[in-house]
Amino acid sequence: MPIKTLNGASASDPARPDSGGRGRGTAPRWAGAPVFAAVLLVAPVLLHLVSADLLTPLLLWAAAASLIRSRTSPLDRLFISAAVLVGWICVLGLIASFWPWGLNPLALAETTALTLIGVRVLRGAPDDSARRRTRRNLLPARDVPVLLTSAFGFAFFLRPLLHRDAVDRLALVITSEDLGRHFALYDSMIRFSGYLALRADDAARTIQEGVYTYPPGSHMTLAVLTSFVRGTDAPAAPLHALSLFILLSTAVAGALVAFTAWSVRWAAGPAVAARFLLPVCLAGGVWVAVVELPRLVLTGFLSEIFGLALFAVFLALAVRPLSRIGEQLVCMGAVFVAIACSYYLLLPATGLVALVWAWAHRRRWLRRIGRTLLAAAAAGVLALLPIAANWASAGSASVLTVPGAVYPVSRHLLYPVLAVAAVLLLGRGARRNPPARVAAGCLAATGLLAFGIREYQMAVAGQTSYFFEKMMHGLFLATVVTAGAAVGPVLLVASRRARPAGTGVLGRLAPVVTALVATACLLAALLMNSQPDLAKDSGWSSSAGRVYLRAQSAHPRIADQVTAIDRARPKDDGKVSMLLLGDRVPTDPARIEDNLWLGVLSRDQGLSWRAWTFALKGRTGQEIVDFADQSAVPLRIYLSDPELLAQVRQAARTGRHKALDVVMVTFEGHRAELAPQRLG
């Protein structure tokens, strides 16, 4: 078979370089620019006046997508521009931290509009032939598997939430300690209108010590979206803000499934028929959604999920770059900045992928060395900002062996797929396929990084820990995306050799039925092995996806108690609340995370986090009184056990303990009855 057939370097291939010049069918540079500018500048104002600000980011997203001139479908442009806009939001958040308008949606929209208009003027009018191709084929068949997988991902993760109120949503995440901190960061960015590293004095009350410099990309992106959803930058009531945050953070998981499916399809190439892409895209999306991602969602790893979605796009652009080198440099630079600002633990893998791309396509970027150096310098400086803010921890080698709670990737699925992808990428057809060669380099780089960290941890600490498992998450996603490039040459050959559809109804349905059967077989095999490695039973019944979908991790009673006390407690009296209700079992997160969530709802976690750590286990009355006497802030302690109250009274007889209030709590439905107690 001809090499060009194996490579799939057709005229529609985004990896096939073009000149980037202005051809004969190109309109004058200023053609359409006044209309483009008028729409982007006027529409946000009109939408704001009619309280329809939510439509503004959709308009800006479409405008950003229209600026991509490489050979791509409209859906490709939307996915790529979405990742690029996240990088822009990270920069916009820095600007908003200094100007007087904060996160006002109109100010954010107009600034973004001016930036897009500037790019449009510099780029000039699009090629007329490109616009005609887009109009003729708005939704190519190859994009349908991506849309189906994306719909599945969002439906899977949002289904348990949509019919629940704010308290029931809290019940679903009450054991997610990290998500509580993420909400505090997000809520504080809205309240203080910018990055908390620049608002240290304000953040001292609302954010736990040492957390306010956490990489802010995911929180700022959700904060900006919130300002458009609500049409204002004014903070909402804590419980309402939390309810929206839970919805948005869960949608991030759906976005990861969508970006994974798109990246797999993009890596496979545009010449592969849709019916051959359907099993691959859906299998990759279901693997992410059902097997691995629910555990990250239930643990509250928002920033990692956000970063992995961006990493998938970066991988896809490295494997099969855009046809215009300038656009490729801008897009990769923006996504690199977004990853650094959102989850810089992925930067080592991202940097290695960038090096693999740079070596494979060195002839292209060396011809544009000035643009390349400018893009690299800008991306490097911006990416260093979140690292510099956390240099005390990020700059130490000890971070490589720091312990932490993290779920391991399911090795019984990862290793076989990794082996198959490696074999295919080393095969003859893949070696003659440039994107497959880059994919092999990216997979090798991420694998060597992960297992290199493993060997380092074994040598230094004698066991693997947190950072290695995080690198394995990156290797997992790299395996899924590069598997698209691995099977691409095989699917391309199958597409070329496939018989044309018959003339009758059965003849036209035969290819579709074959694709559906292949998809069903792959999904069945995946679900039969969707359990964690150490699960007693195999299959769907033991999978994390089933636990998530059925809301088996929900704790409505704890959520009711936390929200009831938050409603009934005195407000703004300077006292920090601490709950010591029921049995405190350190091994049961549902029993001990009530203080964390009460602290973020009270917006005083910077003051209450020490009380949270103190209440992680059961305490005696003497311990409670001693802790209150040593506390830097006055406490109000809520008890439900009369015996413990008696112990506190006995221990408090030595003085009045002005810094300690004790309240007995009884619950009636969703209400808390509070009975203040006299001590001494």
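Predicted, not measured: the structure shown is a model, and the values here were computed from it.

Draft legend 1. Region of interest: the overall build of the chain. The helix and strand inventory of the chain stands at 31 helices and 4 strands. Relative to its 680 residues, the chain shows a buried fraction of 55%. Residue pairs at least 24 apart in sequence account for 79% of intrachain contacts in the chain once pairs closer than 6 positions are excluded. Of the roughly 29000 Å² of accessible surface on the chain, 64% is carried by carbon and sulfur atoms.

Draft legend 2. Main features of the side chain of Gln457. If you trace the backbone, Gln457 turns up in helix α22 (residues 434-460). Judged by its relative accessible area of 0%, Gln457 is buried. Leave out the neighbours within four places in its chain, and Gln457 touches Leu400, Thr401, Gly462, Gln463, Thr464, Ser465, Phe467 and Phe468.

Draft legend 3. How the structure looks around helix α26 (residues 556-568). Look at α26: 18 Å from first C-alpha to last across 13 residues, which is about the 18 Å you get at 1.5 Å a residue. Within α26, burial applies to Ile558, Ala559, Asp560, Gln561, Val562, Thr563, Ala564, Ile565 and Asp566.

Draft legend 4. View of the nonpolar core. Membership of the largest hydrophobic core comes to 180 residues, with the highest contact counts inside it found for Ile80, Phe157, Tyr186, Leu293 and Trp597. In terms of residue count, helix α12 (residues 238-268) provides more of this core than any other element does, 17 residues in total. If we ignore the near neighbours within four places in the chain, the residues touching Ile80 are Ile68, Trp262, Trp266, Leu317, Leu322 and Cys331. Counting 23 residues, the second-largest nonpolar core is a separate cluster that includes Ile637, Leu645, Met664 and Leu679.

Draft legend 5. View of the pattern of salt bridges. On inspection of all chains with the given rule, the structure shows 16 salt bridges. Ionic pairing is found between Glu304 and Lys470, a salt bridge with its closest N-O pair at 2.4 Å. Here the residue Glu304 occupies a position in helix α14 (residues 302-319), and Lys470 occupies one in helix α23 (residues 466-497), the gap between them amounting to 166 residues. Here Glu304 and Lys470 have matching classes, each one buried. In this structure, the salt-bridge partner of Arg454 is Glu455, at a minimum N-O distance of 3.0 Å. Put simply, Asp573, Lys575, Arg636 and Asp661 are held in one network by salt bridges that share partners.

Draft legend 6. How the structure looks around the packing of helix α9 (residues 177-192) against helix α11 (residues 217-230). Two elements in contact, α9 and α11, have axes whose closest approach is 9 Å; the angle formed by their N-to-C orientations is 50°. Relative to α11, the element α9 lies oblique. Viewed along their axes, α9 and α11 form a crossing whose handedness is right-handed. Here α9 contributes His182, Leu185, Tyr186, Met189 and Ile190 to the contact with α11, which in turn contributes His219, Met220, Leu222, Ala223 and Thr226. Taken together, the residues of the contact of α9 with α11 break down into 7 nonpolar, 3 polar and no charged.

Draft legend 7. Up close: the packing of aromatic side chains. Summed over all chains, the structure comprises 15 aromatic pairs. Taken together through their ring pairs, the aromatic side chains of Phe79, Phe259, Trp262 and Trp266 make up a single cluster. Stacked on the ring of Phe301, the Lys or Arg Lys470 has its end atom at 3.8 Å from the ring centre.

Draft legend 8. Quick look at the pairing of strand β2 (residues 635-639). Burial analysis of β2 places 5 of its 5 residues in the buried class, the great majority of the element. With burial as the criterion, each face of β2 is covered, one bearing Leu635, Ile637 and Leu639 and the other bearing Arg636 and Tyr638. With 5 bridges joining them, strand β1 (residues 576-580) and β2 adopt parallel strand pairing. From the neighbouring strand, Met578 faces β2, where its bridge partner is Ile637.

Draft legend 9. Looking closely at the sheet that holds β1. On the basis of which strands lie adjacent, the open sheet formed by 4 strands has the order β1-β2-β3-β4 and mixed pairing. Edge positions in the sheet fall to β1 and β4 (671-677), since each of these pairs with one other strand and no more. Here the strands of the sheet are splayed against their neighbours by 30° on average, with no regard to which way each runs. Inspection of the sheet shows strand β3 (residues 660-668) paired to β4 by 7 bridges, in the antiparallel sense. Paired with Val662 across the two strands is Gln677, which belongs to β4.

Draft legend 10. Region of the structure containing a positive patch on the surface. On the surface, a cluster of positive charge is contributed by Arg362, Arg363, Arg367, Arg368 and Arg371. By secondary structure assignment, the location of Arg371 is in helix α18 (residues 369-389). Under the relative-accessibility criterion, Arg371 is labelled exposed at 52%.

Draft legend 11. Expanded view of a nonpolar patch on the surface. Taken together, Val42, Val45, Leu46, Leu49 and Val50 make up a surface patch of nonpolar side chains, about 460 Å² in accessible area. Locating Val45 in the fold gives a position in helix α2 (residues 33-49).

Draft legend 12. The arrangement of the environment of Gln622 in detail. Along the chain, Gln622 turns up in helix α30 (residues 621-630). For Gln622, a relative accessible area of 41% corresponds to the partly exposed category. Placed 29 residues apart in sequence, Gln622 and Ala651 show a C-alpha to C-alpha distance of 5.2 Å. Side chain to side chain, Gln622 and Asp626 meet in a polar contact 2.9 Å long.

Draft legend 13. Local environment of α18. Taking 1.5 Å per residue as the helical rise, α18 with its 21 residues ought to reach 30 Å, and the 31 Å between its terminal C-alpha atoms agrees with that figure. Every buried residue of α18 is listed here: Thr372, Ala379, Ala383, Pro386 and Ile387. Projected down its long axis, α18 carries its buried residues within an arc of 95°, all on one side. Of the exposed residues in α18, the ones pointing more than 90 degrees away from its buried face are Leu373, Leu374, Val381, Leu384 and Ala388.

Draft legend 14. Structural context of the side chain of Arg411. Inspection of the secondary structure puts Arg411 in helix α20 (residues 411-425). Taking relative accessible area as the criterion, Arg411 reaches 18% and is therefore assigned buried. The residues contacting Arg411, other than those within four sequence positions of it, are Pro416, Phe468, Glu469, Met472 and Asp533.

Draft legend 15. Looking closely at unusual backbone geometry. Phi is positive for Ser51, which is not a glycine, with a value near 55°. Mapped onto the elements, Ser51 comes out in the loop between α2 and α3 (55-66). With a phi close to 55°, Ala551 is a non-glycine residue in the positive phi region. Residue placement: Ala551 occurs in the loop between α25 (544-549) and α26.

Draft legend 16. Spotlight on the packing of helix α4 (residues 74-96) against α14. Where α4 contacts α14, the two axes come as close as 10 Å, and the packing angle between them is 125°. Looking at the two axes, α4 sits oblique to α14. As α4 packs across α14, the resulting crossing turns out to be left-handed. Contact residues: α4 offers Ile80, Ala83 and Val86, while α14 offers Phe306, Leu310, Val313 and Leu317. Its residues assigned to classes, the contact of α4 with α14 comprises 7 nonpolar, no polar and no charged.

Draft legend 17. Layout of the environment of Ser243. For Ser243, the position within the fold is in helix α12. With 73 residues separating them in the primary sequence, Ser243 and Leu170 have C-alpha atoms 7.3 Å apart. What Ser243 contacts, discounting residues up to four positions off in sequence, is Ala166 and Arg169. Only 3.0 Å separates the side chain of Ser243 from the side chain of Arg169, close enough to count as a polar contact.

About the criteria used
- Residues numbered from 1 in each chain as written.
- Predicted model: local features only at pLDDT ≥ 70, side-chain atom pairs only at ≥ 80, totals over all residues.
- Heavy atoms only, no water.
- Helix = DSSP H or I, 4+ residues; strand = E, 2+ residues; numbered from the N terminus.
- Buried < 20%, exposed > 50% of the residue type's maximum accessible area, 1.4 Å probe, protein only.
- Contact = heavy atoms within 4.5 Å.
- Areas by Shrake-Rupley, 256 points an atom, 1.4 Å probe, with all protein chains shown as cover.
- Expected span 1.5 Å × (residues − 1).
- Core = buried A, V, L, I, M, F, W, Y, C linked by side-chain atoms within 4.5 Å.
- Salt bridge = Lys/Arg side-chain N within 4 Å of Asp/Glu carboxyl O.
- Axes fitted to C-alpha atoms, helices over the stretch in contact; angles between N-to-C directions.
- Parallel < 35°, antiparallel > 145°, perpendicular 65-115°, else oblique.
- Left-handed = near helix turned anticlockwise from the far one by under 90°.
- Nonpolar A, V, L, I, M, F, W, Y, C, P; charged D, E, K, R; others polar.
- Phe/Tyr/Trp six-rings, centres within 6.5 Å; stacked < 30°, edge-to-face > 60°.
- Lys NZ or Arg CZ within 6 Å of the ring centre and 35° of its normal.
- Pairing = 2+ DSSP bridges.
- Patch = residues over 30% accessible without salt bridge, like charges linked within 9 Å, V, L, I, M, F, W, Y side chains within 5 Å.
- Lys, Arg positive; Asp, Glu negative; His and termini not counted.
- Charge placed at Lys NZ, Arg CZ, Asp CG, Glu CD.
- Polar contact = N/O pair within 3.5 Å; in protein donor to acceptor, adjacent residues only side chain to side chain.
- Arc of directions from axis to C-beta.

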